[in-house]
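# Structure assessment
Take a look at the letters that make up each chain.
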Amino acid sequence: MNLEVLDQAATLAAAGELRRVYASAFGAPGYDEDPAAADRFVTEQLPRHTERDGFKLVVSRRAADNAITGFAYGYTGDRGQWWSDRVAEHAPPEIVAEWVGGHFEFVELAVATEVQGQGVGAGLHDALMTDLPHARALLTTYTDDRPAPRLYLRKGWQILVPELWPDSALYGKRLNE
Ligand SMILES: CC(C)(COP(=O)(O)OP(=O)(O)OC[C@H]1O[C@@H](n2cnc3c(N)ncnc32)[C@H](O)[C@@H]1OP(=O)(O)O)[C@@H](O)C(=O)NCCC(=O)NCCS
């Protein structure tokens, strides 16, 4: 597995490949997102997020042809952003005070179905989380038992709010301690 950090321009240039990976991962049974969700991801979400402070995106590439097989990204989260404000509305005040604002927001992790179960997701996670300047990181993930929450727990994340909103748990990780 080859891992590579893409800057903003390279991320946007790779939008077609990132869309394919997103559609594979989140279109799979049990996730069932429709193709329009993958379109929105590359035309709306990703361009907006590449503009954020601390944006970092990592891709995995297949050695044979350099095709992108997975990606993970995040940025510096802060109040005034939709996700941080939504977390602040739903989480207990003491969690919000300690964790929300200036954190690294772990936004997305996706691996194409044909290469899942080989450590690609774990490698992407580690590459994304390496050398971050932030003191804390936050993410939301599924509340049920499936690969993503298992991976985060293996990687030392803790559950801060078991059900932040329906089907979503808030996870946190202290960094640089
Ligand atoms: C979550 C996701 C990114 C994990 O990607 P992945 O590349 O399959 O992750 P890994 O291979 O590192 O780990 C997955 C499983 O394979 C196992 N595994 C890893 N390498 C292995 C190997 N060489 N041999 C056997 N098993 C292996 C891991 O132990 C893990 O097992 P578990 O699910 O029982 O805990 C992927 O399932 C995905 O894209 N899911 C849909 C999108 C999603 O949920 N994104 C996260 C949103 S919060």
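What counts, and where the lines are drawn
Residues numbered from 1 in each chain as written. Predicted model: local features only at pLDDT ≥ 70, side-chain atom pairs only at ≥ 80, totals over all residues. Heavy atoms only, no water. Near = heavy atom within 4 Å. Polar contact = N/O pair within 3.5 Å; in protein donor to acceptor, adjacent residues only side chain to side chain. Helix = DSSP H or I, 4+ residues; strand = E, 2+ residues; numbered from the N terminus. Salt bridge = Lys/Arg side-chain N within 4 Å of Asp/Glu carboxyl O. Buried < 20%, exposed > 50% of the residue type's maximum accessible area, 1.4 Å probe, protein only. Pairing = 2+ DSSP bridges. Axes fitted to C-alpha atoms, helices over the stretch in contact; angles between N-to-C directions. Contact = heavy atoms within 4.5 Å.

Another point: the site of the ligand. Within the structure, the ligand sits among 22 residues, and Leu109, Gly117, Gly119, Gly121 and Arg154 are positioned closest to it. Within the backbone of valine 111, a nitrogen or oxygen atom sits 2.9 Å from an oxygen atom of the ligand. Within the side chain of glutamine 116, an N or O atom sits 3.5 Å from an oxygen atom of the ligand. Secondary-structure elements contributing two or more residues to the shell around the ligand are helix H2 (15-27), strand E4 (103-111), helix H6 (120-129), strand E5 (136-142) and helix H7 (147-154). Broken down by element, the residue count for the shell around the ligand peaks at 6 residues, all from H7.

With that settled, consider the pattern of salt bridges. Throughout the structure, instances matching the rule amount to 9 salt bridges. Measuring nitrogen to oxygen at the nearest pair gives 2.9 Å for the salt bridge that ties aspartate 65 to arginine 62. For aspartate 65, a relative accessible area of 45% gives the class partly exposed. Note on arginine 62: relative accessible area 35%, which makes it partly exposed. Residue lysine 155 is joined to aspartate 126 by a salt bridge in which the shortest nitrogen-to-oxygen separation is 2.9 Å. Linking lysine 155 in the loop between H7 and strand E6 (158-165) with aspartate 126 in helix H6, this pair joins segments that are 29 residues apart in sequence.

The 7 strands lie next to each other as E1-E2-E3-E4-E5-E7-E6, forming an open sheet whose pairing is mixed. Two strands close off the open sheet at either side, each with one partner strand: strand E1 (2-6) and E6. Strand-to-strand twist of the sheet, defined as the mean angle between neighbouring strand axes without regard to direction, takes the value 25°. As paired elements, E6 and strand E7 (residues 168-174) share 4 bridges and run antiparallel to each other. Counterpart to tryptophan 165 in the pairing with E7 is serine 168. Contacts between helix H3 (residues 35-50) and the sheet are confined to strand E2 (56-61), strand E3 (68-77) and E4, with E3 contributing the most and set at about 45° to the helix. Packed on one face of the sheet, H6 meets E1, E2, E3, E4, E5 and E7 and runs near 155° to E4.

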